[in-house]
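The residues making up each chain are set out below.
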Amino acid sequence: MTPVVLALLIAGLLAAPAAAQETRERLDNGFTVLVRENPIAPVVAVSLLVKMGTRWEDPTNAGISNFVHAVMVRGTARRSGSELAEAIAGLGGKLSAKGDVDDSEISATALARFWRELLGFTAELALEPKLSPGEVDGERDWLVGRIQKRRDNAPARAFDEFYAALYGAHPYAIPGLGTPESLAGIDHAALVAWYRRFYQPERMTLAVSGQVSAAAVRAEARRLFGALPRGAPVTEPVRSAPGNSGERRVFEQPAQQTQILVGALAPPLGHPDGAAVKVLSTVLGGGMAGRLFVELRDKRGLAYTAAAYYDPVVDPGAIVLYLGTAPENATRAEEALLREVERVRQDLVGADELDRAKGYLLGRYAMDRRTNERRAWYLAFYEIEGVGADYPERYRRAVEAVTPSDVLRVARQYLGTLTTVVLRPR
Amino acid sequence: MARAALGLAAILLLAGCATAGAMRPAATATPMREVLPNGVVLIVQEQRASEVVALQLWMRMGGRDEAAEELGLAHYIEHMLFKGTPTRPPGSIDTLIEGFGGTSNAFTSYDTTHYDFVVPTRHLRAGVELLADLAVNASFPPEEIESEKKVVFEEMNLIEDDPEKFLLRRLYEVAYSPHPYGRALLGRREFIQKLDRDQLRQFYRKHFVPKNMVLVVVGAAAPAQVRQLVEAAFGRIQAAAPSRGETPPVPTLGPARRVDVSRAEKQAYLGLAWRTAPLANEDVYAVDLLTSILGDSPTSRLNQTVREQLRLVATIEAGYGAFEKAGLVTVTARLEPADLDRAEAAILDVIRKVRADGVTEAERQRALITAESSYAFDIETAEGLAKTYGQAETTWTLDNELAYLSRLRGITAAQIQAVARKYFRDEDYARVRFVPGAPSR
């Protein structure tokens, strides 16, 4: 879940004024098209999001959303994967596809004058993937290799264990890449069924940002996606409530550092407390002026890495405090971290510290919205998450309105029960 | 090719230190350029891609301005500039920029160094004032000078440990020495070890004068407002004569410039280099396209022939480092030691074929689209556009930069063949080979 988490951390929850020239159209079959005309540079970016991800998976088919995208890019009904890559390169562009937590994405960019060709290739990949049986084993092997590499990487493993502990039986506990066991059980038929179940027009949102005409892009999108018949409604699985048992789990594996993750469940995207929790996480661990960095690293040298973040998603998100430290300092570092949690639940945050945290949050948000690629993703993401096109502006205002007592209140409310994972060298 | 040069500089030198259908529309197509009375050049462009502004201070000063016995000074200054001024204690500058939600960065090359911020537009004034403060008031705190030495040594280790980076480093050394473009920008360990505050301050005072400064501001800000802020902050810096020395002529390449190096890696590395056009030379456009056709993608000639068909190398690529005083096209490959001779012969064959038969129209078109795309995505962000302007103003001209793509489009297949004949002669190249064995650095 960590790659997803990091993406969302940067992506979701910071905020700033949005440029205005965005248009939205829902086709008759439920497919949504969003276009942002941006005349700045002769480039175009496309983000096609589908409501498909680990949120619909279970331990037996964990990683199937990402797996199906890995096989999709190996070729379409009309051309092989390398021919597709070559054709996109001929547009001065690139294309990729991956599965995430609440959604999966086909992402592509090109020179703006090739926007029509780029949309065509995106539609071809989304609607006519070959999903060849011959590609399944090779992609599975490659993914299992990545899972193994991830397990060998102490911080990545620690994050995976943490999400498993925090979410319990809820699907957010599932790692996005899946497990070697789950991938072994996913065959060609399962991939095809998974693709057909989710690639339905009413589950898809296409966002385009760049030096394009919105009317022309919408017309082309209607032509490419408008004839797609509506699919059968997806039966939502019954999801267990996330656990947050308040457990402390300890793992060992060969490594230099000890990883310490402490966290709790937090509001979902769009929740009224979201802005305050975001500010709270920034006060605790947003950059070099965050409390964990200042107190644990700068003043006491108890940790190398000291950060905190909150990543809202459709179901409850997580507020996570993270330390990477030398094994001999681990006990004291964990104690010091817990003291910072206590402090933020006892005392009001100062005005200067609050201002810095807000500036950091909103500035980072603006920084992340500079390229067409990111803007296309944001447009599609807010649409598919159902928070509305004015979300960035609402969010910015909400962050600016957060008071010291708001931070205190959400610290008390959300940081009461803490789940902990410690991964130490063996 | 301004882009080729930058890309190469970054790979080669690792001198960047992160601390934290239509072309451009007419309304935003041209930057405003102005020279303040003290000599500071200001380049401003309003670009509302997002609510941020990029501020970059480009200095007409780089590794080539060091005396032979003070190598590494320009880069060390780059490290020290963010460490403080009389009114800004160590650490406070990073914290300030981070508190804005912004980023800071700095880079050292042979011809230039630059100091970059990206901040939300409401911090424009603070950003301009900070850059002006750094430009004249850097305090070089002694304890920071000492602690930064470890960081620079670590940077040196990183380059030496990375065979691909170190191959390019050595190739430049072999192709340029004793010209300054052959130097290690990070300097020599012995010199850095003994480096003191007076040396840094002296170099800083000598080079950080208004006539060497180019301030580039691109972003969601009105040019008039930017101009006012810059005039207040930079206009008051006392004028002084810049003292940029002449660089020696670049050496010609040939069989005397071939070096083998024993390295710990199991695979071998091969690097070949041809002297080509410097920036501001008419040939740069054709050399840029030729380099792309030879080796910048899986479909390039070197990849298709030497890697795919002959299977003599695991990887192969070509790069063009175009600098103010000289240019170099490099071809680098990773391969089995037993294939070194055959791979070199095959690379020369590929080049010979271009000289004899030229390139196809499809190849020319493809190279053009690659260049266009790389340029278009560069200028998509405020800092990317600012960088192309700063680079152009300090090493060639802003007008050349603005005309770059249309000039590139005008290059014919015959012109590409002509530069292949002019610069890529059979014997006139430098060579470095890394061969497995006991390391002999």
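Predicted model only: the values in this text are computed from it and were never measured. (Residues numbered from 1 in each chain as written. Chains lettered and ligands numbered in written order. Predicted model: local features only at pLDDT ≥ 70, side-chain atom pairs only at ≥ 80, totals over all residues. Heavy atoms only, no water.)

1. A closer look at the overall build of chain B
At step 1: The helix and strand inventory of chain B stands at 16 helices and 11 strands.
At step 2: A compact globule built from 441 residues should have a C-alpha radius of gyration of about 22 Å, and chain B, at 22 Å, falls within 12% of that.
At step 3: Taken along the three principal axes of its C-alpha coordinates, chain B extends 60 × 55 × 40 Å.
At step 4: A total accessible area of about 16700 Å² is found for chain B, and carbon and sulfur atoms account for 52% of it.
At step 5: Positive and negative side-chain charges in chain B, numbering 52 and 57 respectively, have mean positions lying 2 Å apart. (Helix = DSSP H or I, 4+ residues; strand = E, 2+ residues; numbered from the N terminus. Rg over C-alpha atoms; globule rule 2.2 N^0.38 Å. Areas by Shrake-Rupley, 256 points an atom, 1.4 Å probe, with all protein chains shown as cover. Lys, Arg positive; Asp, Glu negative; His and termini not counted. Charge placed at Lys NZ, Arg CZ, Asp CG, Glu CD.)

2. Considering empty space enclosed by the protein
Residues and elements named next belong to chain A.
At step 1: Of the volumes computed, that of the largest cavity is approximately 120 Å³.
At step 2: Lining of the largest cavity is provided by 12 residues; of these, Glu-22, Tyr-378, Leu-379, Tyr-382 and Ala-389 occupy positions nearest its centre.
At step 3: Ranked by residue count, the leading element in the lining of the largest cavity is helix α14 (residues 372–384), at 5 residues.
At step 4: Across the lining of the largest cavity, the residue classes tally to 7 nonpolar, 1 polar and 4 charged. (1 Å grid on protein atoms, 1.4 Å probe; cavity = no way out; pocket = protein on both sides within 12 Å on 5 of 7 lines; lining within 4 Å. Points joined across faces, edges and corners; volume = space filled by probe spheres on them. Nonpolar A, V, L, I, M, F, W, Y, C, P; charged D, E, K, R; others polar.)

3. Concerning unusual backbone geometry
Leaving glycine out, the prevailing phi sign among residues is negative, and the prevailing peptide bond configuration is trans.
At step 1: Residue Pro-178 of chain B is reached from Ser-177 of chain B by a cis peptide bond, and omega for that bond is 5°.
At step 2: The topology assignment puts Pro-178 of chain B in the loop between α6 (163–176) and α7 (189–194).
At step 3: For Leu-131 of chain A, which is not glycine, the phi torsion reads 45° and is therefore positive.
At step 4: Residue position: Leu-131 of chain A is located in the loop between α4 (115–127) and α5 (133–152).

4. Description of the pairing of strand β3 (residues 52–59) of chain B
All names here are of chain B.
At step 1: Summarising burial for β3: 8 of the 8 residues are buried, a large majority.
At step 2: Burial of β3 is two-sided: the residues Val-52, Ala-54, Gln-56 and Trp-58 facing one way and the residues Val-53, Leu-55, Leu-57 and Met-59 facing the other way are all buried.
At step 3: Direction of pairing for β3 relative to strand β5 (residues 113–120): antiparallel, over a ladder of 8 bridges. For Leu-57, the partnering residue across the bridge sits in β5 and is Tyr-115.
At step 4: For β3 and strand β6 (residues 213–219), the ladder comprises 7 bridges, and the chain directions are antiparallel. What sits directly across from Val-53, in β6, is Gly-219. (Buried < 20%, exposed > 50% of the residue type's maximum accessible area, 1.4 Å probe, protein only. Pairing = 2+ DSSP bridges.)

5. Notes on the packing of helix α12 (residues 330–346) of chain A against helix α16 (residues 404–414) of chain A
Residue and element names in this part refer to chain A.
At step 1: Here α12 crosses α16 at 130°, and the two axes come no closer than 7 Å. Our classification of the angle between α12 and α16 gives oblique. For the pair α12 and α16, contact is made by Val-344, Arg-345 and Gln-346 and by Leu-408, Ala-411 and Arg-412, respectively.
At step 2: Across the contact of α12 with α16, the residue classes tally to 3 nonpolar, 1 polar and 2 charged. (Axes fitted to C-alpha atoms, helices over the stretch in contact; angles between N-to-C directions. Parallel < 35°, antiparallel > 145°, perpendicular 65-115°, else oblique. Contact = heavy atoms within 4.5 Å.)

6. Quick word on helix α5 (residues 142–161) of chain B
Residue and element names in this part refer to chain B.
At step 1: Taking 1.5 Å per residue, 20 residues should reach 28 Å; α5 reaches 29 Å between its end C-alpha atoms and fits that length.
At step 2: The largest bend in α5 is about 25°, located at Glu-148.
At step 3: Looking only at α5, the buried set comprises Glu-144, Ile-145, Glu-148, Lys-149, Val-152, Phe-153, Glu-155, Met-156 and Ile-159. (Expected span 1.5 Å × (residues − 1). Bend = angle between axes of the 7 residues up to and from the residue.)

7. Examining the nonpolar core
At step 1: In this structure, Tyr-199 and Leu-206 of chain A together with Trp-274, Leu-302, Val-306 and Ile-347 of chain B are the most contacted members of the largest nonpolar core, which totals 128 residues.
At step 2: Phe-82, Met-213, Val-217 and Val-230 of chain B belong to the second-largest nonpolar core, a separate cluster that totals 75 residues. (Core = buried A, V, L, I, M, F, W, Y, C linked by side-chain atoms within 4.5 Å.)

8. Section: the domain arrangement of chain A
Residues and elements named next belong to chain A.
At step 1: Entries for chain A in the domain assignment read domain 1 (20–225) and domain 2 (248–424).
At step 2: Facing the 44 residues of domain 1 at the interface are 35 residues of domain 2.
At step 3: Here domain 1 and domain 2 share an interface that buries about 3300 Å² over both sides, 62% of which is from carbon and sulfur atoms.
At step 4: On the domain 1 side of the interface with domain 2, the three residues burying the most area are Phe-159, Phe-162 and Leu-166, jointly 17% of the side's total.
At step 5: Remark: the boundary between domain 1 and domain 2 carries 4 salt bridges.
At step 6: Here Glu-383 makes a salt bridge to Arg-26, at a shortest N to O gap of 3.1 Å.
At step 7: Remark: the boundary between domain 1 and domain 2 carries 16 residue pairs in polar contact (both at pLDDT 80 or more).
At step 8: Elements with a contribution of two residues or more to the side of domain 1 that touches domain 2: β1 (22–26), β2 (32–37), β3 (43–50), β5 (104–111), α5, α6 (154–167) and β6 (204–210). (Domains from an automatic or database assignment. Buried area = accessible area lost by both parts, 1.4 Å probe. Salt bridge = Lys/Arg side-chain N within 4 Å of Asp/Glu carboxyl O. Polar contact = N/O pair within 3.5 Å; in protein donor to acceptor, adjacent residues only side chain to side chain.)

9. What about the interface of chain A and chain B?
Many structure descriptions define interface size as the accessible area lost when the parts assemble.
At step 1: Listed by partner, the interface residues are 37 residues for chain A and 32 residues for chain B.
At step 2: Interface area, chain A with chain B, both sides summed: about 2800 Å², of which 62% is carbon and sulfur.
At step 3: When the area that chain A buries against chain B is broken down by residue, the three leading residues are Ile-40, Met-288 and Arg-370 of chain A, summing to 24%.
At step 4: Ionic pairing is found between Glu-383 of chain B and Arg-370 of chain A, a salt bridge with its closest N-O pair at 2.3 Å.
At step 5: The tally of links from chain A across to chain B stands at 8 residue pairs in polar contact (both at pLDDT 80 or more).
At step 6: Only β3, α3 (81–89), β5, α13 (351–368) and α14 of chain A provide two or more residues apiece to the side of chain A that touches chain B.
At step 7: With 7 residues, α13 of chain A is the single largest residue contributor to the side of chain A that touches chain B.

10. With respect to the sheet that holds β6 of chain A
At step 1: Overall, mixed pairing links the 6 strands, which are arranged β1-β2-β6-β3-β5-β4 (chain A) in an open sheet. One side of each edge strand has no neighbouring strand; the edge strands of this open sheet are β1 and β4 (94–99) of chain A. Taking the axes of each pair of neighbouring strands and ignoring which way they run, one obtains an average angle of 10° across the sheet.
At step 2: Where β4 of chain A lies against β5 of chain A, 6 bridges are found, and the strand directions are antiparallel. For Gly-99 of chain A, the partnering residue across the bridge sits in β5 of chain A and is Ser-104 of chain A.
At step 3: Contacting β3 and β5 of chain A, helix α13 (residues 361–378) of chain B runs over the sheet at an angle of about 110° to β5 of chain A.

11. Looking at the packing of α13 of chain B against helix α15 (residues 398–409) of chain B
Residue and element names in this part refer to chain B.
At step 1: Where α13 contacts α15, the two axes come as close as 10 Å, and the packing angle between them is 165°. On the basis of the axis angle, α13 is roughly antiparallel to α15. In this structure, α13 crosses over α15, and the sense of that crossing is left-handed. Mapping the contact onto sequence places Arg-364, Leu-368, Ala-371, Glu-372 and Tyr-375 in α13 and Glu-401, Tyr-404, Leu-405, Leu-408 and Arg-409 in α15.
At step 2: Along the lines of polarity and charge, the residues of the contact of α13 with α15 split into 6 nonpolar, no polar and 4 charged. (Left-handed = near helix turned anticlockwise from the far one by under 90°.)

12. Some words on the pairing of strand β10 (residues 317–325) of chain A
It is a general feature of regular strands that their side chains alternate between the two faces of the sheet.
All names here are of chain A.
At step 1: Most of β10 is tucked away: 9 of the 9 residues are buried.
At step 2: By the bridge criterion, 9 bridges tie strand β8 (residues 258–266) to β10 in an arrangement that is antiparallel. Across the sheet, residue Gln-259 finds its bridge partner in β10, namely Gly-324.
At step 3: In this structure, strand β9 (residues 305–311) lies alongside β10, joined through 7 bridges in antiparallel fashion. Residue pairing across strands places Ala-308 opposite Leu-321, the latter belonging to β10.
At step 4: Connecting β9 to the antiparallel partner β10 that follows it, the hairpin turn spans 5 residues.

13. Description of the side chain of Thr-179 of chain A
Residues and elements named next belong to chain A.
At step 1: Residue placement: Thr-179 occurs in the loop between α6 and α7 (180–184).
At step 2: At a separation of 2.9 Å, a polar atom in the side chain of Thr-179 contacts the main-chain amide nitrogen of Ser-182.
At step 3: Among all residues touching Thr-179, those that are not within four sequence positions of it are Ala-62, Ile-147 and Arg-151.

14. Some details on the packing of aromatic side chains
At step 1: Under the counting rule described, the total for this entry stands at 33 aromatic pairs over all chains.
At step 2: Summarising the aromatic geometry, the rings of Tyr-110 of chain B and Phe-323 of chain B are spaced 5.6 Å apart at their centres and angled 80° between planes, so their arrangement reads as edge-to-face. Placement of the pair is Tyr-110 of chain B in the loop between β4 (103–108) and β5 and Phe-323 of chain B in the loop between β9 (315–322) and β10 (327–335), with a sequence separation of 213 residues. Of the two residues examined, Tyr-110 of chain B and Phe-323 of chain B, each falls in the buried class.
At step 3: Ring centres of Tyr-172 of chain B and Phe-323 of chain B lie 6.4 Å apart, and the angle between their planes is 85°; this geometry places the pair in the edge-to-face category. Of this pair, Tyr-172 of chain B sits in helix α6 while Phe-323 of chain B sits in the loop between β9 and β10; the two residues are 151 residues apart in sequence, bridging distant segments of the chain. Just as Tyr-172 of chain B is buried, Phe-323 of chain B falls in that class too.
At step 4: What links up through ring pairs into an aromatic cluster is the set Tyr-365, Trp-377, Tyr-378, Phe-381, Tyr-382, Tyr-391 and Tyr-395 of chain A.
At step 5: When the ring centre of Tyr-360 of chain A is taken as origin, the NZ or CZ atom of Arg-356 of chain A, which lies over that ring, is 5.3 Å away. (Phe/Tyr/Trp six-rings, centres within 6.5 Å; stacked < 30°, edge-to-face > 60°. Lys NZ or Arg CZ within 6 Å of the ring centre and 35° of its normal.)

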